[in-house]
Amino acid sequence: MKRLFLSLYLLLSIGFLGIGWTLDNLWQNNVDEKGALDAPLVALAQVLSTLPAAERQEMLDTIKADPDFPLTLLDSDQVAFSNEQLLGSDKVIATPYDINHELQFVAVGEQVLMAGPIAIDPAASLRSIYNIFFYLLLAFIALIWVWPLSKDLKILRKATKEFGQAKWNTRIQLTKRSQVLPLANTFNDMAAHISALIENQKHLSNAVSHEIRTPLARLKFALALLPQYCKPESDIAKRQRFLDEMQLDIKEMEDLIQELLTYASLETQRESLNFERCDLNGLVAQTIRRLQSHHPTPIILDAPAHTIYLVAEPSLVERALQNLITNAQRFSTGDIIVKIAQDSDGVHLSVTDNGEGILAEDQSKIFEPFYRSASSKNGNKGHGLGLAIIKRIMDRHHAEVRLTSRPGFTQFTLFWPAANQA
């Protein structure tokens, strides 16, 4: 991270310096007004070049002497310039005299006009100071931008490292002004999802081992007793009841495994949804007819006269409704009401029974896998996956399941927002 910070800072600093230096040179070479400063000396040289050599010095003598700008007429052999360097009277050549002065030369025919020693522009050194100050300010501005970014990236790196060390509760906290806040939010979402998956898998593993252990122990015990029921003199009816109980244990394990596979598939196949526009009235009526034949409790459908269409995966909607009705059949002492409704908010599908209700402390937990209510009628039935499967189905549809329960009234509502039905 330190190397990233240094490389980025150096890149910005060198970029600023390079651009500033290039622009400064372009300005000096193409825009600077140095030529305008040399114009009077060039004009004087051109005037002198029109006069005979003997009259040139006399004309210089008539010019008022300026101690800050002395003028001297020299023969060409008195200077170290060659004829190629002094091409004409329109070109001034400057050479340093000392640290604060310079000499200027311009050709006057076969002679050379020398001006100086002339004080060098004092603003030149001040301009250099201003340039250095300007570049330092640019570097400081770059530091103001890069330093917080470097700190935030360091926090990201630390959080990623901790998460890789199985610290699943690791989250990134950055200020709202952070330039990498979207990246941190994405990391937090990913971490929360992975953490939930891992915790879920742990919970599933523990629960499965516990749920399977009971029917498996009964089967092992039954297998140990099986020879006694297979003797020729054994009671055929008892033998059949014994085999039926073994079949029930096997079915219990099969049902548990099937529920687990369904629950897991709803997580792993999150992207493979086959949404279609389905007839919700017909789908609900068909599910009720199938479940009514297996249980004596009446199921009453309350649906509008017009058909309500739902954009969803029909098989999953049917599975969610089946789980709700099956739960209602287990607890209800009267009619089960299945109601379909639609309003401006969306589509509602509710299942209502008059059972004893769900305890208040259980209502926030019953959608968790393998959680079973402490209700006296619930006993040890089910595996605690039915409502968890419903919750996951609705999550896949970007919808929700709602619960309202009190003694003598329990209602589960599947709600699909109107925004998802467009």
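Attention in this report is confined to the structure presented alongside it.

What counts and what doesn't
- Residues numbered from 1 in each chain as written.
- Predicted model: local features only at pLDDT ≥ 70, side-chain atom pairs only at ≥ 80, totals over all residues.
- Heavy atoms only, no water.
- Pairing = 2+ DSSP bridges.
- Helix = DSSP H or I, 4+ residues; strand = E, 2+ residues; numbered from the N terminus.
- Axes fitted to C-alpha atoms, helices over the stretch in contact; angles between N-to-C directions.
- Contact = heavy atoms within 4.5 Å.
- Salt bridge = Lys/Arg side-chain N within 4 Å of Asp/Glu carboxyl O.
- Buried < 20%, exposed > 50% of the residue type's maximum accessible area, 1.4 Å probe, protein only.

### Some words on the sheet that holds strand 6 (residues 299-302)
The strand order across the open sheet formed by five strands is 6-8-9-11-10, and the pairing between neighbours is mixed. Every other strand in the sheet has two partners, leaving strand 6 and strand 10 (400-406) as the edge strands with one partner each. Neighbour-to-neighbour, the strand axes of the sheet open up by a mean angle of 15°, direction not taken into account. Note: strand 6 against strand 8 (residues 336-342), four bridges, orientation parallel. Residue pairing for strand 8: D302 is matched across the bridge by K339. With respect to the sheet, helix 7 (residues 280-292) is in contact with strand 6, strand 8 and strand 9 (346-353), its orientation differing from that of strand 6 by roughly 175°. Contacts between helix 9 (residues 386-396) and the sheet are confined to strand 10 and strand 11 (409-417), with strand 11 contributing the most and set at about 25° to the helix.

### Description of the pattern of salt bridges
With the rule as written, the count across this model stands at five salt bridges. Across the pair R290 and E318 runs a salt bridge, and its minimum N-O distance is 2.8 Å. With a gap of 28 residues between them, R290 in helix 7 and E318 in helix 8 (residues 314-331) connect regions that are remote in the sequence. Its salt-bridge partner being E400, residue R402 comes within 3.3 Å of it at the nearest N-O pair. For R402, a relative accessible area of 35% translates into the label partly exposed. We classify E400 as partly exposed; its relative accessible area is 35%.

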